[in-house]
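# A look at the structure
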Amino acid sequence: MILPVLLALAVAETFPFVTRQSGEVVADLEMSSPGSDWGVAGREAALATVTVDDRATQHVMVWSGEARHTYSVFLGAWPAGRHRLAIERHSGYSAPQSRLQVHGARFRELPADDPISFAPVLFARADTVGGFSDVPLIAYCERLPEGVLQYTVIFSNEDGGTSTRALMARWGRTTDIEYIYRLRTSKNLATIQAKDHQEVEFRGRRDGRHPLLIPSTKNNMVSGEGESPIRYQLAPVVVDLTHSSREQLMDDQPISYRVAAQELRREDKLRPFGTVDGERISDPRNYLYLEAKVSNQHSAVAAAARVKGEDFWRFGHLGRADYAISRDGWVRTTIEL
């Protein structure tokens, strides 16, 4: 009974920073959450509340557990001068046994045309607030033809839509990777990926140049209307995926695989190896992961592998045509070994 009281009385960590000119600022926050395990109910994570100059509140879910991890967030545009960033544990939305430890903060000023300056604010999906589900792990931005900036978020899982078995077969992971916002800079036209994967014009609110979005479906399609008590401002990594799949972003931050597996365990989506149990999968470490560049023409592909010493083949699509890969370009898939 003492621990929650001590956590609630924790003093905010503060970090001063100076901006040389008016503009967008990114903070790289190194944090950990002692006592946390994303896979155990009641110990999932601490939620950090981040403020600048006692306002401009946002949140960071410290899903890395006891491991130190750098969480990069955009702070918005600030005038030249001295400022103060404060970080403290949110007592209402942190897991009871999860503490918050802040190890340091670094600050970066961005040029006016940096893609991060247009990145979306993403509120937590309303039904996940306090539930530690489908949290955004990684954000990235691609420069597409005709001056289009496309912003994508990798969520820890999806509570609806594609089943876990199908995710492993068709996408090679159990996270949910969704583009949420496209900005056509030459035409100043913005669109979002809304319900049923429809691309619709964004007509919602902005905070400066940042659109305000919220997932509105259990497979994390977004809306420009509404908000929730938890506000994320992940600073996207600008990437070129010409020569690799989207899952490369997870490879670059391999802790994302651990968090995804922990969420599967907590949500009872795992089964023992070599068994069949509905849509459950075995431990993700039991799978062979393959990446390929494919070109389908009214067709679909599936991967097969044979283990040395065995006389039969194992298939990634489990013999189901709807689990085969029908899209083009760089893809990932898995085969349970």
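See the structure shown above.
The numbers attached to residues start from 1 for each chain and follow its sequence in the written order. Confidence filtering applies because this is a predicted model: local features only for residues at pLDDT of at least 70, side-chain atom pairs given and counted only at 80 or more, and all residues used for totals across whole chains, interfaces and linings. With hydrogens and water stripped out, all remaining heavy atoms of the structure feed into the side-chain values.

## Quick notes on the sheet that holds strand S12 (residues 189-194)
Whether two strands pair comes down to DSSP finding at least two bridges between them. Elements are defined by DSSP. Helices are runs of H or I of four residues or more, strands are runs of E of two residues or more, and each kind is numbered from the N terminus. Across the sheet, 6 strands lie side by side as S13-S12-S11-S10-S9-S18; this open sheet has mixed pairing. Edge positions in the sheet fall to strand S13 (198-201) and strand S18 (237-239), since each of these pairs with one other strand and no more. Neighbour to neighbour, the strand axes of the sheet diverge by 30° on average, direction disregarded. Bridge count between strand S9 (residues 136-144) and S18: 3 bridges; the pairing is parallel. If you follow Cys141 over to S18, its bridge partner there is Val238. Angles shown run from 0 to 180 degrees and are taken between the N-to-C directions of axes, each axis being a line fitted to C-alpha atoms and, for helices, limited to the stretch in contact.

## Structural notes on the nonpolar core
Buried residues of nine kinds, namely Ala, Val, Leu, Ile, Met, Phe, Trp, Tyr and Cys, make up a nonpolar core once their side-chain atoms join them within 4.5 Å. Relative accessibility decides the category of a residue: with a 1.4 Å probe and only protein chains considered, values under 20% of the type maximum give buried, values over 50% give exposed, and everything between is partly exposed. Among the nonpolar cores identified, the biggest contains 67 residues, and Met31, Met61, Trp63, Leu75, Leu85, Ile87 and Tyr181 are the most heavily contacted of them. Setting aside residues no more than four positions away along its own chain, Trp63 makes contact with Trp38, Ala45, His69, Tyr71, Val135, Pro136, Leu137, Ile255, Arg258 and Val259. Between two residues, a contact is recorded if the distance between any of their heavy atoms is within 4.5 Å.

## Details of the packing of aromatic side chains
To pair, rings of Phe, Tyr and Trp, with the six-membered ring standing in for Trp, must have centres within 6.5 Å; the planes then decide the type, stacked if under 30 degrees apart, edge-to-face if over 60, and tilted in the middle. Within this structure, the stated rule accounts for 5 aromatic pairs. Taking 5.2 Å as the distance between ring centres and 70° as the angle between the ring planes, the aromatic pair formed by Trp63 and Tyr71 counts as edge-to-face. Centre to centre, the rings of Tyr151 and Tyr181 are 5.8 Å apart; their planes meet at 35°, and the pair counts as tilted. Here Tyr151, found in strand S10 (residues 148-155), pairs with Tyr181, found in strand S11 (residues 176-184); they are 30 residues apart in sequence, far enough to count as distant. Judged on exposure class, the residue Tyr151 and its partner Tyr181 are both buried. An aromatic cluster is defined as three or more aromatic residues linked by ring pairs; in this entry it consists of Tyr151, Tyr181 and Phe202. Counted as over-ring charges are cases with an Arg CZ or a Lys NZ within 6 Å of the ring centre that also lie within 35 degrees of the ring normal. Here the basic side chain of Arg266 rests over the ring of Trp38, its NZ or CZ set 5.1 Å away from the ring centre. Lying across the ring of Tyr323, Arg320 places its NZ or CZ 4.0 Å from the centre.

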